[in-house]
Amino acid sequence: MFRLTSAAVAAAALAGFAGFATPAFASTATTQSFGAHRAVFVETDNVNGNQVVAYHRAADGTLSQVATYPTGGLGGILTGSVVDHTASQGSLNYDPEHNLLLAVNAGSNTVSVFAVRGDALSLRQVVSSGGTFPVSVTVHGDLVYVLNALNGGSVQGYRVFGSFLAPIPGSSRALGLDPAATPQFTHTPGQVAFTPDGSQLVVTTKANGNDIDVFDVGFGGRLSTSPSVNAEPGAVPFAITFDRYGNLVIANAGTNSVTTFAITGDGTLSTLDSAATGQAATCWVASAGRFLFASNAGSGSETGLTSSASGQLTLLGNAATDAGTVDASAAADGRFLYVQTGGAGIVDEYSVGSTGSLTKVGSVTVPDAVGGEGIVAF
């Protein structure tokens, strides 16, 4: 789909990416050298106009709304979804090297690129996602990959030039999932994520295969032709994070559990441990310092865990949230946790204790964000 030479890619980046960026938002302004600070950004996924709502984080962890920024695209809703319209994790992500915030626009098949200064945003670009219904984005160094959920699923790669993304020619990979499988919200891929060293790219397929796909990231940021496919029958692998030791951590919606894996150089996974949350619809998982927190949409709760160097998991207990617990993100080296709840579009604010206990310090209702997903905190 993208047929640009390396020279053309660089030229496109400097020129505003004619044909990929929305002209009204193209700019040659440089990103501020200081990025996100004491801020929480939340994506609304509103189908009438997607937005990112910015909050300032006070010293005690409470949030106050600063501004609302249109993404220049539309949100989208997968059929069958209720509190999780994109049924994914990582629809909003931060690039710390370039101080950029990346937001998918599922209803427009685009990705928005914002420059970040403290808790303020400036829209730099809107670029094609290279597929249909983008739901997740990941970044490592100068590389970005976007996961498109429909038409069998695909991933598309980009290189960062200043405040812009340039598609990497030949980087698109089809996932080969059944495009007709229903309902969509359980039969579309859940997340894309780089491994901590950036050498591999991980994709979860949820119930459309019950697989965890691992691509090798090669020269120029292009992926291996096909992934190593790791079958997890009945698990419905959904969300991805990594513990502080670099072990892969997966939230499994089918078994309501969290599982740790070791990844070999060829992309093969070996199970280290698995822990059932005892909750319903365990779909999301976030790292917060030395703790892990799994979001349980069906129970309205967060499950705390720790993971050892060998991947052994220890359950710490559950904390109640507002209805429809989805995405979560930690701030201040894991001292605070912010949890999106899609039932009423609320973000719950928690302080994280020394033993991993969660104490609620407040909540905010995000405008026009019922069912929305995508949150990053600093």
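Because the structure is a prediction, the values reported are computed rather than measured. (Residues numbered from 1 in each chain as written. Predicted model: local features only at pLDDT ≥ 70, side-chain atom pairs only at ≥ 80, totals over all residues. Heavy atoms only, no water.)

**Structural notes on the overall build of the protein**
Counting its secondary structure elements, the protein contains 1 helix and 29 strands. Counting only C-alpha atoms and orienting by the principal axes, one finds that the protein spans roughly 55 × 45 × 35 Å. Burial analysis of the protein (378 residues in total) assigns 59% to the buried set. In the protein, the proportion of contacts linking residues at least 24 apart, taken out of those at least 6 apart, comes to 52%. Within the protein, one finds 13 positive and 25 negative side-chain charges whose respective centroids are separated by 8 Å. (Helix = DSSP H or I, 4+ residues; strand = E, 2+ residues; numbered from the N terminus. Buried < 20%, exposed > 50% of the residue type's maximum accessible area, 1.4 Å probe, protein only. Contact = heavy atoms within 4.5 Å. Lys, Arg positive; Asp, Glu negative; His and termini not counted. Charge placed at Lys NZ, Arg CZ, Asp CG, Glu CD.)

**Remarks on the sheet that holds strand E20 (residues 269-276)**
The antiparallel open sheet is built from 4 strands, whose spatial order is E17-E18-E19-E20. Only two strands of the sheet have a single partner each, and these edge strands are strand E17 (237-242) and E20. Ignoring strand direction, the axes of neighbouring strands in this sheet form an average angle of 25°. In this structure, strand E19 (residues 257-263) lies alongside E20, joined through 7 bridges in antiparallel fashion. Its bridge partner being in E20, Thr 259 is matched across the sheet by Ser 274. (Pairing = 2+ DSSP bridges. Axes fitted to C-alpha atoms, helices over the stretch in contact; angles between N-to-C directions.)

**With respect to unusual backbone geometry**
Cis geometry is adopted by the peptide bond preceding Pro 183, which originates at Thr 182 and carries an omega value of -5°. Inspection of the secondary structure puts Pro 183 in the loop between strand E12 (173-174) and strand E13 (191-194). Positive phi, close to 55°, is recorded for Lys 206, a residue that is not glycine. With respect to the element layout, Lys 206 can be found in the loop between strand E14 (200-204) and strand E15 (211-216). Backbone geometry at Asn 256 places phi at a positive 50°, although glycine is not the residue there. The residue Asn 256 is located in the loop between strand E18 (248-252) and E19 in this model.

**Looking at the pairing of strand E5 (residues 100-105)**
Of all the 6 residues making up E5, 6 are buried; the element is thus mostly covered by neighbouring parts of the structure. Note that strand E4 (residues 92-95) and E5 share 4 bridges and pair antiparallel. Within the sheet, the bridge partner assigned to Leu 92 lies in E5 and is Ala 103. Here E4 hands over to E5 after 4 residues, with Asn 99 in that stretch at a positive phi of 55°. Where E5 and strand E6 (residues 110-117) come together, 6 bridges link them in antiparallel fashion. Each residue of the ladder has a partner; that of Leu 100, found in E6, is Ala 115. The antiparallel pairing of E5 with E6 creates a hairpin that spans 4 residues between the two strands, and Asn 109 there sits at a positive phi of about 60°.

**Overview of the layout of surface pockets**
For the largest pocket, the calculated volume is near 1000 Å³. As for the largest pocket, its lining consists of 37 residues, and the residues nearest its centre are Asn 93, Thr 241, Phe 242, Ser 287 and Ser 329. Sorting the residues of the lining of the largest pocket by element identifies E4, strand E8 (134-140), E13, E17, strand E21 (282-288), strand E25 (325-331) and strand E29 (375-377) as the ones contributing at least two each. With 5 residues, the single largest contributor to the lining of the largest pocket is E25. Here the residues of the lining of the largest pocket sort into 21 nonpolar, 14 polar and 2 charged. Lining the second largest pocket are 14 residues, with Asp 84, Phe 185, Thr 186, Ala 281 and Cys 283 sitting closest to its centre. (1 Å grid on protein atoms, 1.4 Å probe; cavity = no way out; pocket = protein on both sides within 12 Å on 5 of 7 lines; lining within 4 Å. Points joined across faces, edges and corners; volume = space filled by probe spheres on them. Nonpolar A, V, L, I, M, F, W, Y, C, P; charged D, E, K, R; others polar.)

**Topic: the environment of Asn 252**
Along the chain, Asn 252 falls in strand E18. Asn 252 gets classed as buried once you look at its relative accessible area, which sits at 3%. Between the C-alpha atoms of Asn 252 and Ala 294, which are 42 residues apart in sequence, the distance is 9.8 Å. With residues up to four places along the chain from it excluded, the contact list for Asn 252 reads Ala 235, Val 236, Pro 237, Ser 257, Val 258, Thr 259 and Thr 282.

**Digging into the confidence of the model for the protein**
Per-residue pLDDT for the protein has a mean of 92; in total, 91% of the residues score no lower than 70. Note on residues 1-33: pLDDT is under 50 here. Beyond four places in sequence and across chains, it has 59 contacts. (pLDDT = per-residue confidence, 0-100.)

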